[in-house]
Amino acid sequence: MSKKGHFLYEDGLFSCLFLVRPHAEFATLTKRELHELADGLLVPEPLIIERAVQFMLADTQGLWHGRARAMISRRLKHCSLGRTHRTQLFECITGRLSSGQFSEQFKDQLRLAMHLDLARTLEVCKKAIGSKKLHVQRYAPWALSPEHEQNAP
C-alpha cells in the first residue's frame, strides 16, 4: 500500500491499481468498539494513542462516531502527544470547521484544537465567522468568546 491509499495487485498475469479509502477500517466500528477505543486512553500507550488519533482523522459518519470523537477529544487533552499528532489533529479539526464538515458534539473537537494551539485556532475561527454555512457561524463565535480569547498568547 502506498502513502496515497493505492494498492498494487500483481499475480504474474496482470497488474491492477485499486484505490483504497484511507481509514476504511474505522467506518464499521460499533458503539462498543468506539467506547473501548476511548477507554484505552484512560491508561494511554503509544499504540492506543496512535489508533485514537487515526480515528479522529478518519472521515467516518457511522452511528455514534461523532460522539466517540467528542469523548476521544476530551481524553486526548490529557495524553502526551508528539508534534506530528498535534499538527495532524489541529489541521483536521480546524479544516472541519472551515469546511463545515463536522457532526454532533463538535465543540469537544474544537476545544482540543484550542488546547493544541489556541492562537491559531482563534485565527481560523475569525475567518470562519464569514462562512455561508450557519452551523459554522454558530461555532466560530463560541470559540472567540472573551473567556477563550483572554487565554490566547
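Anyway, here's the lowdown on the structure attached to this text. Since the model is a prediction, treat every value here as computed from it, not as a measurement. (Residues numbered from 1 in each chain as written. Predicted model: local features only at pLDDT ≥ 70, side-chain atom pairs only at ≥ 80, totals over all residues. Heavy atoms only, no water.)

1. Focus: the side chain of Arg96
No. 1: Position of Arg96 relative to the elements: it lies in helix 4 (residues 83-99).
No. 2: Residue classification places Arg96 among the buried positions, given a relative accessible area of 7%.
No. 3: Among all residues touching Arg96, those that are not within four sequence positions of it are Met56, Leu57, Ala58, Asp59, Arg69, Gln101, Phe102, Phe106 and Gln109. (Helix = DSSP H or I, 4+ residues; strand = E, 2+ residues; numbered from the N terminus. Buried < 20%, exposed > 50% of the residue type's maximum accessible area, 1.4 Å probe, protein only. Contact = heavy atoms within 4.5 Å.)

2. A closer look at the packing of aromatic side chains
No. 1: On inspection of all chains with the given rule, the structure shows four aromatic pairs.
No. 2: Arranged with centres 5.8 Å apart and planes meeting at 70°, the rings of Phe26 and Phe55 form a pair that is edge-to-face. Of this pair, Phe26 sits in the loop between strand 2 (15-19) and helix 1 (31-40) while Phe55 sits in helix 2 (residues 46-57), placing them 29 residues apart in sequence.
No. 3: By relative accessible area, which is 1% here, Phe26 ends up buried.
No. 4: A ring pair is formed by Phe102 and Phe106, whose centres lie 4.1 Å apart and whose planes are at 20°; its orientation type is stacked. Phe106 matches Phe102 in its accessibility class, with the two residues each being buried.
No. 5: Three or more aromatic residues joined by ring pairs make a cluster, and in this case those are Phe102, Phe106 and Tyr139.
No. 6: Lying over the aromatic face of Phe55, Arg69 brings its terminal NZ or CZ to 4.5 Å of the ring centre. (Phe/Tyr/Trp six-rings, centres within 6.5 Å; stacked < 30°, edge-to-face > 60°. Lys NZ or Arg CZ within 6 Å of the ring centre and 35° of its normal.)

3. Focus on the pattern of salt bridges
No. 1: Applying the stated criterion to the full structure yields seven salt bridges.
No. 2: Between Arg96 and Asp59 there is a salt bridge, and its shortest N-O distance comes to 3.9 Å. In this pair, Arg96 sits in helix 4 while Asp59 sits in the loop between helix 2 and helix 3 (65-76), placing the two residues 37 residues apart along the sequence.
No. 3: Under the relative-accessibility criterion, Asp59 is labelled exposed at 59%.
No. 4: Put simply, Asp117 and Arg120 hold a salt bridge, and the shortest N to O gap is 3.4 Å.
No. 5: Shared partners join several salt bridges into a network, and the residues in it are Arg74, Asp108 and Arg111. (Salt bridge = Lys/Arg side-chain N within 4 Å of Asp/Glu carboxyl O.)

4. With respect to helix 3
No. 1: With 12 residues, helix 3 extends 16 Å from end C-alpha to end C-alpha; this agrees with the ideal 16 Å at 1.5 Å per step.
No. 2: Extensive coverage of helix 3 is indicated by the burial of nine of its 12 residues.
No. 3: Of the surrounding elements, those touching the buried residues of helix 3 are helix 1, helix 2, helix 4 and helix 5 (106-116). (Expected span 1.5 Å × (residues − 1).)

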